[in-house]
Amino acid sequence: MKRAQIVGIGAYAPQRVLTNSELEKLIDTTDEWIVQRTGIRERHIVDDNEGPADLALRAARQALDRAGVGPEEIDLIVVGTTAGDMLFPTTANLLQHRLGCRNAGSMDVYAACSGSVYSLSVGAQYIQTGKYETVLCVGAECLSRITDFTDRGTCILLADAAGAAVLRPADGEAGIIDTDLYSDGRYGELLMLPAGGSRYPATHETVDKRMHFAKMKGNEVFKVAVRMFGDCAQRILERNGFKPTDIDLFVPHQANLRIIEAAVKRLGLPMERVIVNVERYGNTGAASVYVALEEAWATKRLRAGDLVLLAAFGGGFTWGAALLRW
Ligand code: UT7
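Basis of the calculations
Residues numbered from 1 in each chain as written. Predicted model: local features only at pLDDT ≥ 70, side-chain atom pairs only at ≥ 80, totals over all residues. Heavy atoms only, no water. Near = heavy atom within 4 Å. Polar contact = N/O pair within 3.5 Å; in protein donor to acceptor, adjacent residues only side chain to side chain. Areas by Shrake-Rupley, 256 points an atom, 1.4 Å probe, with all protein chains shown as cover. Helix = DSSP H or I, 4+ residues; strand = E, 2+ residues; numbered from the N terminus. Nonpolar A, V, L, I, M, F, W, Y, C, P; charged D, E, K, R; others polar. Salt bridge = Lys/Arg side-chain N within 4 Å of Asp/Glu carboxyl O. Buried < 20%, exposed > 50% of the residue type's maximum accessible area, 1.4 Å probe, protein only. Pairing = 2+ DSSP bridges. Right-handed = clockwise from strand over helix to strand, strands pointing away. Axes fitted to C-alpha atoms, helices over the stretch in contact; angles between N-to-C directions. Parallel < 35°, antiparallel > 145°, perpendicular 65-115°, else oblique. Left-handed = near helix turned anticlockwise from the far one by under 90°. Contact = heavy atoms within 4.5 Å. Arc of directions from axis to C-beta.

K.L.:
Explain the site of the ligand to me, please; I cannot follow it from the model alone.
P.N.:
In the vicinity of the ligand, 23 residues are found, and the nearest of them are Thr29, Arg37, Asn219, Asn256 and Asn283. Note that an oxygen atom of the ligand is positioned 2.9 Å from one of the side-chain N or O atoms of Arg152. Coverage of the ligand by the protein chains reaches 73% of its 950 Å² of free accessible surface. Looking at the shell around the ligand, the elements that each hand over two or more residues are α2 (31-38), α7 (218-239) and α8 (257-267). At four residues, the largest contribution of residues to the shell around the ligand is made by α7. Of the residues contributing to the shell around the ligand, the split by class is eleven nonpolar, eight polar and four charged.

K.L.:
Quick question: what am I supposed to make of the pattern of salt bridges here?
P.N.:
A side chain of one charge can pair with a side chain of the opposite charge when the charged atoms of the two come close. Applying the stated criterion to the full structure yields 17 salt bridges. Linking Arg210 and Asp148 is a salt bridge whose minimum nitrogen-to-oxygen distance equals 2.9 Å. With Arg210 in the loop between α6 (204-208) and β10 (215-216) and Asp148 in the loop between β6 (135-142) and β7 (160-169), this pair connects stretches of sequence that are 62 residues apart. The exposure class of Asp148 is buried, given its relative accessible area of 6%.

K.L.:
How should I be thinking about the pairing of strand β5 (residues 105-109) in this particular structure?
P.N.:
The two faces of the sheet receive side chains in turn, since in a regular strand these alternate between them. Note: strand β4 (residues 76-80) against β5, five bridges, orientation parallel. Looking at the pairing, Gly80 lines up with Val109 of β5. Handedness of the β-α-β unit built from β4, helix α4 (residues 91-99) and β5 comes out right-handed.

K.L.:
I'm lost on the packing of helix α3 (residues 52-67) against α4 in this one. Help?
P.N.:
Each packed pair of helices is defined by two parameters, the angle between the axes and the distance between the axes. Their axes nearest at 9 Å, the elements α3 and α4 cross at an angle of 55°. Regarding the angle of α3 to α4, the classification is oblique. Once α3 is placed against α4, the crossing between them reads as right-handed. Judged by residue contacts, Pro52, Ala53, Asp54, Ala56, Leu57, Ala60, Arg61 and Leu64 of α3 engage Thr91, Leu94, Leu95, Arg98 and Leu99 from α4. Broken down by class, the residue content of the contact of α3 with α4 amounts to nine nonpolar, one polar and three charged.

K.L.:
Sorry, what's going on with α4 here?
P.N.:
Helical geometry note: an α-helix holds 3.6 residues per turn, so side chains three or four residues apart project in the same direction. Among the residues making up α4, those that are buried are Thr91, Ala92, Leu95, Gln96 and Leu99. The buried residues of α4 occupy one face: seen down the axis, they fall within an arc of 140°. In the core, the buried residues of α4 are packed alongside α3, β4, β5 and β6. Looking at the residues trailing α4, positive phi occurs at Gly100, about 80°.

K.L.:
Got a minute to help me understand the sheet that holds strand β12 (residues 307-314) in this structure?
P.N.:
Across a sheet, strands are paired by hydrogen bonds formed along the backbone, either parallel or antiparallel in direction. If you walk across this open sheet you meet the four strands as β8-β13-β12-β11, and the pairing is mixed. This sheet does not close on itself; its edge strands, each paired only once, are β8 (175-183) and β11 (249-252). The average angle at which neighbouring strand axes cross in this sheet is 10°, direction not considered. Alignment of β12 against strand β13 (residues 318-325), held across eight bridges, turns out to be antiparallel. Each residue of the ladder has a partner; that of Leu310, found in β13, is Ala322.

K.L.:
So what exactly am I meant to see when it comes to the sheet that holds β7 here?
P.N.:
Pairing is mixed across the open sheet formed by five strands, whose spatial order is β1-β7-β6-β4-β5. Every other strand in the sheet has two partners, leaving β1 (4-12) and β5 as the edge strands with one partner each. Shown here is a sheet whose adjacent strand axes are inclined to one another by a mean of 20°, direction ignored. Here β4 runs beside β6; their pairing, made up of five bridges, is parallel.

K.L.:
What is the right way to look at unusual backbone geometry in this model?
P.N.:
For residues other than glycine, phi is negative in most cases, and the peptide bonds are mostly trans. Here Phe88 and Pro89 are connected by a cis peptide whose omega angle stands at 0°. Along the polypeptide, Pro89 turns up in the loop between β4 and α4. For the peptide bond that leads from Gly316 to Phe317, omega is -10°, which places it in the cis range. Here Phe317 shows up in the loop between β12 and β13. With a phi close to 55°, Arg210 is a non-glycine residue in the positive phi region. The class for Arg210 is partly exposed, based on a relative accessible area of 35%. One non-glycine residue, Lys300, adopts positive backbone phi at about 65°.

These figures come from the coordinates and say nothing about function on their own.
Written out as structure tokens, the structure reads:
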């Protein structure tokens, strides 16, 4: 089987920046508390007329330009998202049309904040099996739309962005070596968006009970996340004959600086080999790993031949990792 290789990467965050000091005016919190407990200083928030497909379009165009690939060459679009533009058409379908990918199938992958690793893994399988030549993988979120700005446990964290990667068959050693996906529905109620699907469609009652906003038991999510993050990273490395110290660059889901630091400590990696941008973006769900990877590429921290580990976790619970040679 051929490896799938990332041949172009892009990212986009909306113009509007929401700082911790602005949040101090909305809820009972302080910049100091948010920075100490999460590492976040500011995040990007969409305008009223924007949705995930708008952010995805900009990130995807950048990725295609950098790859030198035209939209009609795309065979498949896989979008990871927590709350797409609408239940259907999918965000991938909206993107397919607006990008002009006339020859592409398209699908959304719903795995909450693990949507980055999930979408990349799904896309990679189609390249590895030889079914498709060019796949566009995307993570796109407008989490601010499902955020209750009266809930200080979530509104300090969640934010908006998109990232994209173009995959093609590798012609050398570079490419995705392996991916792993996991889930455990026992933890579903720790982090959920209760209403808006077909179980609890919108009614006056669901709106009054604020059921269209993400609910999170943050402290419990924190503990599970640290364990799962570390375990899946360790497992994918072992299976492929690597030690944690072989990793040149670790690109984790950007949910909370303390979660990243705890996971990195478990792996025994120095922080210099970890990409962290949560202080400027907050938690952008399925977009976060793509956005961080793009930043690593754009700032030249990612070099040819590097062994790169991606890992994410999110509501569900879902989690997973991808190991690649850049
Ligand atoms: O993408 C995947 C999903 N999400 C995550 O990974 C998030 C995981 N969880 C977290 O990041 C953290 O649990 C939070 C940042 C959400 C909360 O931090 P924590 O250190 O776990 O705080 P806590 O929930 O244990 O709360 C400690 C105290 C509480 O007050 P009392 O009961 O000790 O008086 C909270 O009410 O901090 C209070 N608190 C706040 N205070 C100021 C909670 N949120 C805030 C806030 N500002 N924004």
